[in-house]
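Okay, here's what each chain looks like letter by letter:
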Amino acid sequence: MIRILLVIAAFLLVNCQRENMRLFDDINEMANFDRVYQPSLIQQGKENGFLEPLMQFAIYKIDSTSFERLERFIISSKKFKQGHYYLNLELDDFLQDNDLKILNMSKSLIAKNPYYEIYYFYLLSDRKTFIICQVDS
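Heads up: these notes are all about the structure in this document. The model shown is predicted, which means the values in this text are computed figures rather than measured ones. (Residues numbered from 1 in each chain as written. Predicted model: local features only at pLDDT ≥ 70, side-chain atom pairs only at ≥ 80, totals over all residues. Heavy atoms only, no water.)

## Quick word on the pattern of salt bridges
Point 1. Summed over the entire model, instances satisfying the criterion amount to four salt bridges.
Point 2. Where Asp26 meets Arg22, a salt bridge forms, and the shortest distance between an N and an O atom there is 2.9 Å. In this pair, Asp26 and Arg22 are both assigned in helix α2 (residues 22–31), four residues apart and thus about one turn of the helix distant.
Point 3. According to the relative accessible area criterion, Asp26 is buried, its value standing at 13%.
Point 4. With a relative accessible area of 24%, Arg22 lands in the partly exposed category. (Salt bridge = Lys/Arg side-chain N within 4 Å of Asp/Glu carboxyl O. Helix = DSSP H or I, 4+ residues; strand = E, 2+ residues; numbered from the N terminus. Buried < 20%, exposed > 50% of the residue type's maximum accessible area, 1.4 Å probe, protein only.)

## Structural notes on the sheet that holds strand β3 (residues 109–113)
Point 1. Taking strand neighbours across the sheet as the criterion, the five strands line up as β1-β2-β5-β4-β3 in an open arrangement whose pairing is antiparallel. Of all strands in the sheet, those bounded by a partner on one side alone are β1 (40–47) and β3. For this sheet, the mean inter-axis angle between neighbouring strands, taken without regard to orientation, is 15°.
Point 2. Here four bridges tie β3 to strand β4 (residues 116–123), and the two strands are oriented antiparallel to one another. For Leu109, the partnering residue across the bridge sits in β4 and is Tyr120. (Pairing = 2+ DSSP bridges. Axes fitted to C-alpha atoms, helices over the stretch in contact; angles between N-to-C directions.)

## A look at the nonpolar core
Nonpolar side chains in soluble globular proteins generally cluster together in the buried interior.
Point 1. Membership of the largest hydrophobic core comes to 22 residues, with the highest contact counts inside it found for Ile27, Phe33, Phe121, Phe130 and Ile132.
Point 2. In terms of residue count, the dominant contributor to this core is α2 (five residues).
Point 3. Core analysis: the second largest hydrophobic core is formed by 16 residues, Ile59, Tyr86, Tyr120 and Cys133 among them. (Core = buried A, V, L, I, M, F, W, Y, C linked by side-chain atoms within 4.5 Å.)

## Overview of the packing of aromatic side chains
Point 1. Evaluation of the coordinates by the stated rule reveals eleven aromatic pairs.
Point 2. Aromatic side chains Tyr85 and Tyr122 sit 6.0 Å apart centroid to centroid with 45° between the ring planes, which places their arrangement in the tilted category. With Tyr85 in the loop between α3 (64–76) and α4 (89–97) and Tyr122 in strand β4, the pair connects residues that are 37 residues apart, well separated along the chain.
Point 3. A relative accessible area of 25% means that Tyr85 is categorised as partly exposed.
Point 4. Note on Tyr122: relative accessible area 0%, which makes it buried.
Point 5. An aromatic cluster is defined as three or more aromatic residues linked by ring pairs; in this entry it consists of Phe24, Phe33, Tyr37, Tyr60, Phe73, Phe80, Phe121 and Phe130. (Phe/Tyr/Trp six-rings, centres within 6.5 Å; stacked < 30°, edge-to-face > 60°.)

What follows is the structure, encoded as structure tokens:
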């Protein structure tokens, strides 16, 4: 009986971890990052919509060396376009509470389709944290 509970607990833990990485995996699939990155999830949330969430976000932390490589890749990539700041109270609070600024506004937008599933990838001024927002238009 204990073995079954351990197997179920391990399965649930692995599934939860993969779901937490979904936004990062989506961006990685579109951008084809040059390395394998292992970010840690800090916070995630959804903005309420009528039928479905209008926006989902996740805040990740990564080591500073990986952050620099990721920043160089994004700045030099033609897949990232100029974006804008998607206003959300939780994100605003996180940025203000930690006194952080967005470094890559000129290269923060990537999309599968410019009319649907738009992603914003914000690199933050502590040079260890980034935010991914998925906006369904």
